[in-house]
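Fold and contact review
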Amino acid sequence: IHVVFSTKQRRNLILPSIEPELHAYLGTICRNQESPALAIGGTENHIHLLISLSKNVPLSNLMLTLKTD
């Protein structure tokens, strides 16, 4: 599954200095939801995730967890 979501009001909040840590954090959330991230990227105002979605976790639940955590 290819997922894209943006920051609130597409503000440039994802600074290069925090990007590696943010990507690692998102990858951990995906792994904990049995849906490993195959690739994570994006820009200052949005994230791209390529996810191997678990058959046991609905996409809506995964996205809710990613966005709230």
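Residues numbered from 1 in each chain as written. Predicted model: local features only at pLDDT ≥ 70, side-chain atom pairs only at ≥ 80, totals over all residues. Heavy atoms only, no water.

1. What to know about the packing of helix α1 (residues 19-32) against helix α2 (residues 59-68)
- Taken N-terminus to C-terminus, the directions of α1 and α2 make an angle of 145°; their axes are 10 Å apart at the nearest point. The hand of the α1/α2 crossing is right-handed. Together, Leu 26, Ile 29 and Cys 30 of α1 and Leu 62, Thr 65 and Leu 66 of α2 make up the contact between the two elements.
- Split by residue class, the contact of α1 with α2 holds five nonpolar, one polar and no charged. (Axes fitted to C-alpha atoms, helices over the stretch in contact; angles between N-to-C directions. Helix = DSSP H or I, 4+ residues; strand = E, 2+ residues; numbered from the N terminus. Left-handed = near helix turned anticlockwise from the far one by under 90°. Contact = heavy atoms within 4.5 Å. Nonpolar A, V, L, I, M, F, W, Y, C, P; charged D, E, K, R; others polar.)

2. A short note on the environment of Ser 6
- The residue Ser 6 is located in strand β1 (residues 2-6) in this model.
- For Ser 6, a relative accessible area of 33% gives the class partly exposed.
- Measuring from C-alpha to C-alpha, the distance between Ser 6 and Leu 49 comes to 12 Å, with 43 residues separating the pair along the chain.
- Not counting the four nearest positions on each side in its chain, Ser 6 is found in contact with Asn 45 and His 46. (Buried < 20%, exposed > 50% of the residue type's maximum accessible area, 1.4 Å probe, protein only.)

3. Focus on the pairing of β1
- With burial as the criterion, only one face of β1 is covered, namely that bearing Val 3 and Phe 5; the residues His 2, Val 4 and Ser 6 on the opposite face remain uncovered.
- Sheet analysis places β1 next to strand β3 (residues 46-51), joined by five bridges and oriented antiparallel. Each residue of the ladder has a partner; that of His 2, found in β3, is Leu 50. (Pairing = 2+ DSSP bridges.)

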